[in-house]
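Residue-level listing of the chains:
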Amino acid sequence: MPSSAQLSELLDPATTVLLTVECQQGVVGPDSALPELAQEARSSGALDNVARLVAAAHESGVQVIHAIAERRPDGRGANHNARLFRAAERLPVQQLSGTAAVRVAAPIEVTEEDLVVRRLHGLSPVQGTDVDALLRNLGCRTLVVTGVSANVAIPNTVFDAVNRGYVVVVPRDAIAGVPSDYTPAMIRHTLALVATVATTDEVLGGLKRPSRVRRA
């Protein structure tokens, strides 16, 4: 568990970016393609905590990036090389480009300063997308990772970010997966080995400092 001083040092607004992963209506919203995951994200408080972190990031000048997974109606460019992808093609709700399913879900607020990165392929918001280049251009040193799912996209994101040299902070109550007891076990035995794990309240405390000028 990091001290408040250590966390505050990591979370310098000038070099910190908050990433929300697949917090979109078709994944965590009321009409989700994955109702069990959506229910867990909401009932656990994870989605509300993501919204709190995003609001605090806006207030403190921390850049927010929303990572969205979507697909074209014709499926061009999408993966078909794993059971997960093939199962997703049969779901009643599709994450189709331009539809409500790929909009950031309430209660998360998106502002004009936020960046939204959309991908048509793969399991990670970092690998093969614009995210890494954006982080480097923003001068990011610390990446705060939030969202879903703890089963697949979150660990992919953390590992990809660590492999690229970023310090990763994971607010353990701002991510969700299924079943409910899987997330804390995965954090304890996997993510804690490579990332700084904290609570939402601890991260919020680390972000509380005099406001700086937002990045141009």
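Values in this document were obtained by computation on a predicted structure and should not be read as measured data.

Q: Hey, could you go over the overall build of the protein for me, with residue numbers and the actual values?
A: Each helix and strand in the protein was counted, giving nine helices and seven strands. Scaling as 2.2 N^0.38, a compact globule of 216 residues should have a C-alpha radius of gyration of about 17 Å, and the protein matches this with 16 Å. The C-alpha extent of the protein, read off along each of the three principal axes, is 50 × 40 × 30 Å. Expressed as a percentage of the 216 residues in the protein, the buried residues total 50%. In the protein, of all internal contacts separated by at least 6 residues, the share reaching a separation of at least 24 is 81%. Accessible surface, the protein: about 10200 Å² in total, of which carbon and sulfur atoms supply 52%. In the protein, which carries 21 positive and 22 negative side-chain charges, the distance between the mean positions of the two groups comes to 5 Å.

Q: Describe the pairing of strand E4 (residues 142-148), and please don't skip the residues or the numbers.
A: The side chains of a regular strand alternate between both faces of the sheet. Most of E4 is tucked away, with seven of its seven residues classed as buried. Side chains of E4 alternate between two faces, with Thr 142, Val 144, Thr 146 and Val 148 and Leu 143, Val 145 and Gly 147 buried alike. Strand direction decides the pairing type here: strand E1 (residues 16-21) and E4, joined by six bridges, are parallel. Within E4, the residue paired with Val 17 across the bridge is Leu 143. Remark: the E4/helix H7 (residues 153-163)/strand E5 (residues 167-171) crossover connection has right-handed handedness. Relative to strand E6 (residues 175-176), E4 runs parallel, the two sharing two bridges.

Q: Can you explain a nonpolar patch on the surface? Please cite residues and give values.
A: Residues Phe 159, Leu 193 and Val 194 make up a contiguous nonpolar surface patch of about 280 Å² in total accessible area. Looking at the secondary structure, you find Val 194 in the loop between helix H8 (182-189) and strand E7 (196-198). By relative accessible area, which is 33% here, Val 194 ends up partly exposed.

Q: Can you break down the nonpolar core residue by residue, with the values?
A: The biggest cluster of nonpolar side chains holds 32 residues, and the ones touching the most others in it are Leu 11, Leu 18, Val 28, Ile 108, Val 148 and Val 203. Elements with a contribution of two residues or more to this core: helix H2 (25-28), helix H3 (35-43), helix H4 (46-60), strand E2 (63-69), E4 and helix H9 (200-207). For this core, the element with the most residues is H4, which contributes eight residues. Residues Val 21, Val 131, Met 186 and Ile 187 belong to the second largest nonpolar core, which totals 27 residues.

Q: Summarise the side chain of Glu 40; cite the residues concerned and give the values.
A: Along the chain, the position of Glu 40 falls in helix H3. Other than its neighbours up to four places away in sequence, Glu 40 contacts Ala 176, Gly 177, Val 178 and Ser 180.

Rules of the game
The residue numbers shown here count from 1 along each chain, following its written sequence. Predicted model: local features are reported for residues with pLDDT of at least 70 only, side-chain atom pairs are reported and counted for 80 or more only, and whole-chain, interface and lining totals are derived from all residues. Heavy atoms throughout the structure, all of them, feed into the side-chain values; hydrogens and water do not. Runs of H or I in DSSP of at least four residues are treated as helices and runs of E of at least two as strands, each being numbered from the N terminus. Throughout, radius of gyration means the C-alpha value; the globule benchmark is 2.2 Å times the number of residues raised to the power 0.38. Each residue's exposure class comes from its accessible area (1.4 Å probe, protein chains only) as a fraction of the maximum for that residue type: buried when under 20%, exposed when over 50%, partly exposed otherwise. Any two residues having at least one pair of non-hydrogen atoms within 4.5 Å are treated as being in contact. Residue exposure ignores everything except the shown protein chains as possible cover, and the areas themselves are Shrake-Rupley values with a 1.4 Å probe. Counted as positive: Lys and Arg. Counted as negative: Asp and Glu. His and the chain ends are not counted at all. Where a charge lies is defined by one atom per residue type, namely NZ (Lys), CZ (Arg), CG (Asp) and CD (Glu). Pairing between two strands requires that DSSP report at least two bridges joining them. For the handedness criterion, the strands are oriented away from the viewer, and a crossover whose path from the first strand over the helix to the second runs clockwise is classed as right-handed. Surface patches are defined over residues having more than 30% relative accessible area and no salt bridge, joining like charges when they lie within 9 Å and nonpolar side chains (Val, Leu, Ile, Met, Phe, Trp, Tyr) when within 5 Å. We define a salt bridge as a side-chain nitrogen of Lys or Arg found within 4 Å of a carboxyl oxygen belonging to Asp or Glu. In this description, a nonpolar core means a group of buried Ala, Val, Leu, Ile, Met, Phe, Trp, Tyr and Cys residues linked to one another through side-chain atoms lying within 4.5 Å.

The quantities given are spatial measurements derived from coordinates; they are silent on function.
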